[in-house]
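A structural walkthrough
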Amino acid sequence: MKTKLIPAVIGLLIIGSWTQPSEIKKLEWLLGTWETKTTKGSLYETWTQKSNTELQGESYYLKNKDTIHFESVRLVEKDRKLHYIVSVKGQHDEQPVDFISTPGSNPTSLVFENRQNDFPQTITYKKIRKDSLFAEISGLMNGKMARQAFPMKKIK
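Residues numbered from 1 in each chain as written. Predicted model: local features only at pLDDT ≥ 70, side-chain atom pairs only at ≥ 80, totals over all residues. Heavy atoms only, no water.

1. Here we look at the overall build of the chain
Scanning the chain from terminus to terminus reveals one helix and 10 strands. Along the chain, helices and strands appear, N-terminal first, in the series α-β-β-β-β-β-β-β-β-β-β. Here the chain holds 156 residues, and 38% of them are scored as buried. The long-range share in the chain, meaning contacts at least 24 apart out of those at least 6 apart in sequence, stands at 28%. With an accessible surface of roughly 10,100 Å², the chain has 57% of that area assigned to carbon and sulfur atoms. (Helix = DSSP H or I, 4+ residues; strand = E, 2+ residues; numbered from the N terminus. Buried < 20%, exposed > 50% of the residue type's maximum accessible area, 1.4 Å probe, protein only. Contact = heavy atoms within 4.5 Å. Areas by Shrake-Rupley, 256 points an atom, 1.4 Å probe, with all protein chains shown as cover.)

2. Brief notes about the sheet that holds strand S9 (residues 132-141)
As summarised here, the arrangement of the 10 strands in space is S1-S2-S3-S4-S5-S6-S7-S8-S9-S10, forming a closed barrel in which the pairing is antiparallel. The average undirected angle you get between the axes of adjacent strands in this sheet is 25°. For strand S6 (residues 97-101) and strand S7 (residues 109-113), the ladder comprises two bridges, and the chain directions are antiparallel. Across the sheet, residue Ile100 finds its bridge partner in S7, namely Glu113. (Pairing = 2+ DSSP bridges. Axes fitted to C-alpha atoms, helices over the stretch in contact; angles between N-to-C directions.)

3. Some remarks on unusual backbone geometry
Residues Phe119 and Pro120 are joined by a peptide bond in cis, for which omega reads -5°. Mapped onto the secondary structure, Pro120 falls in the loop between S7 and strand S8 (122-129). Unlike most non-glycine residues, Arg80 shows phi in positive territory, near 65°. Within the secondary structure, Arg80 sits in the loop between strand S4 (66-78) and strand S5 (81-88). A relative accessible area of 45% places Arg80 in the partly exposed class.

4. Topic: the side chain of Ser59
On the secondary structure map, Ser59 appears in strand S3 (residues 54-63). A relative accessible area of 2% places Ser59 in the buried class. For Ser59, the residues in contact, after removing those within four places along its chain, are Leu43, Tyr44, Glu45, His69, Phe70 and Glu71.

What follows is the structure, encoded as structure tokens:
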């Protein structure tokens, strides 16, 4: 009996791991275009699904009738962790910076960290409602804790 039970349990575990939704799948609420008003103009983030393991984000400002591209993001699932890989125009020699999800992250509250980055060291997204989220960047800047908040509304 034991010899039949062990393969059955292993089989169920394997099947169970296939049916678990990917971390990216849990973030479908992020897809679309989000807007916040800033002193520099309206800031937009547009998220699209690139594959089963990757979302792609673009941030840009609209000031008057000019579009100013700000950053590109790849939100990638690797080894059951999420990687927020951001490229910011004019920073880090145009090289992407990788922020990794923390254990406190969940499908409605994402926290990414890179303690080696100059600023920010932490990036947070919190789903408030279906049509609103709160994004924040934070960390040490010139030896002092600094934060920038971005309350956003979904427009598409």
